[in-house]
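One-letter residues, chain by chain:
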Amino acid sequence: MHQLFKLVLGQKDLSRAGDLFSLEDSEIEDSLTEALEQIKIISSSSDYQTNNNDQAVVEICITRITTAIRETESIEKHAKALVGLWDSCLEHNLRPSGKDEDTPHAKIASDIMSCILQNYNRPPVMALAIPIAVKFLHRGNKELCRNMSNYLSLASITKADLLADHTEVIVKSILQGGYRTSTGRTWVLSHAQSRSS
């Protein structure tokens with residue numbers, strides 16, 4: 001792992017986290033999987049939800065990592081670690097507080113969702129992501145659910161068969177209002193077309 005990532009994540013050094021943006025994407029690309037695994041350890045610690053410093057370090061590092069993944073087009077190389085971190089968020093509370101503020105783990109999930117699911121046209125990435133994505137549909141976070149449904153509808157257009165095993169969960173979410181009407185209709189139509197072909 002790049003020395004600066006080691007410092008920032010190893011020591012949870014918020015004062016140096018911004019320096020990650022001074023590095024070239026290509027300079028840190030080989031470190032991204034290991035950095036994601038370290039973030040998973042930090043965000044799974046018992047005091048993470050109350051530790052503002054650790055949350056800030058994680059948010060900055062995730063932004064830097066997802067930017068580097070997009071710029072280097074290396075999603076397939078780091079998809080397993082990225083989806084692993086995403087999946088770990090499901091072990092924690094994702095429901096917004098009374099002030100409609102996202103929980104720390106909902107923020108992580110939201111921050112990495114687009115990095116993963118904007119690659120809806122890459123079947124190897126979707127094969128890893130979709131089984132995790134559908135789990136977010138019933139976790140009590142409406143904004144996450146809405147955004148997730150939009151990405152899943154795009155995935156269904158190009159590779160509906162990847163969603164076939166999750167039909168029941170998705171239809172329940174549509175019926176409960178988790179999908180915007182047009183998005184739900186798009187998924188149902190594309191799924192029906194794939195089943196009939």
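What counts, and where the lines are drawn
Residues numbered from 1 in each chain as written. Predicted model: local features only at pLDDT ≥ 70, side-chain atom pairs only at ≥ 80, totals over all residues. Heavy atoms only, no water. Helix = DSSP H or I, 4+ residues; strand = E, 2+ residues; numbered from the N terminus. Expected span 1.5 Å × (residues − 1). Buried < 20%, exposed > 50% of the residue type's maximum accessible area, 1.4 Å probe, protein only. Contact = heavy atoms within 4.5 Å. Polar contact = N/O pair within 3.5 Å; in protein donor to acceptor, adjacent residues only side chain to side chain. Phe/Tyr/Trp six-rings, centres within 6.5 Å; stacked < 30°, edge-to-face > 60°. Salt bridge = Lys/Arg side-chain N within 4 Å of Asp/Glu carboxyl O. pLDDT = per-residue confidence, 0-100. Axes fitted to C-alpha atoms, helices over the stretch in contact; angles between N-to-C directions. Parallel < 35°, antiparallel > 145°, perpendicular 65-115°, else oblique. Nonpolar A, V, L, I, M, F, W, Y, C, P; charged D, E, K, R; others polar.

**Regarding helix α5 (residues 52-72)**
One full turn of an α-helix is made of 3.6 residues, so residues set three or four places apart face in the same direction. Look at α5: 30 Å from first C-alpha to last across 21 residues, which is about the 30 Å you get at 1.5 Å a residue. For α5, the full list of buried residues reads D54, Q55, V57, V58, C61, I62, R64, I65, T66, A68 and I69. The elements touched by buried residues of α5 are α1 (3-10), α2 (14-17), α3 (25-28), α4 (32-43), α6 (75-88) and α7 (104-117). Taking the backbone nitrogen of N53 as reference, a side-chain oxygen 3.2 Å away marks N51 as the first, capping residue of α5. With its phi angle positive at about 50°, E73 sits one or two positions after the end of α5.

**Focus: the packing of aromatic side chains**
Tallied over the entire structure, the rule returns one aromatic pair. When the centroid spacing of 5.1 Å and the interplanar angle of 25° are considered together, the rings of W86 and F136 count as stacked. Separated by 50 residues along the polypeptide, W86 in helix α6 and F136 in the loop between α8 (123-133) and α9 (142-159) bring together distant segments of the chain. The class for W86 is buried, based on a relative accessible area of 0%. Its relative accessible area of 1% is what places F136 among the buried residues.

**Points about α7**
Compared with an ideal rise of 1.5 Å per residue, which puts 14 residues at 20 Å, α7 spans 20 Å between its outermost C-alpha atoms and is within 8% of the ideal. Within α7, eleven of the 14 residues are buried, which leaves the element mostly enclosed by the surrounding structure. Where α7 is concerned, the buried positions are P104, H105, A106, I108, A109, I112, M113, S114, C115, I116 and L117.

**Some remarks on the side chain of H2**
Along the chain, H2 turns up in the segment before α1. Within polar-contact distance, the side chain of H2 engages the backbone nitrogen of L4 at 3.0 Å. The residues touching H2, leaving out its near neighbours within four places in the chain, are L23, E27, I28 and S31.

**A few points about the pattern of salt bridges**
A complete count under the given rule lists five salt bridges for this structure. In this structure, K77 and E29 form a salt bridge, with 3.3 Å as the shortest nitrogen-oxygen distance. Taken together, the residues span a long stretch of sequence, with K77 in helix α6 and E29 in the loop between α3 and α4 at a distance of 48 residues. Ionic pairing is found between D30 and K77, a salt bridge with its closest N-O pair at 2.8 Å. With D30 in the loop between α3 and α4 and K77 in helix α6, the pair connects residues that are 47 residues apart, well separated along the chain.

**Points about the confidence of the model for the protein**
For the protein, mean pLDDT is 82; residues scoring 70 or higher make up 77% of the total. Scored below 50 in pLDDT, residues 178-197 makes 37 contacts in the model with residues more than four places away or belonging to other chains.

**A short note on the packing of α4 against α6**
It is the contact of α4 with α6, at a shortest axis distance of 9 Å, that shows an interaxial angle of 10°. Regarding the angle of α4 to α6, the classification is roughly parallel. Only K77, H78, A81, L82, G84, L85 and S88 of α6 make contact with α4, whose side of the interface consists of L32, T33, L36, I39, K40 and S43. Considering only residue class, the contact of α4 with α6 consists of six nonpolar, five polar and two charged.

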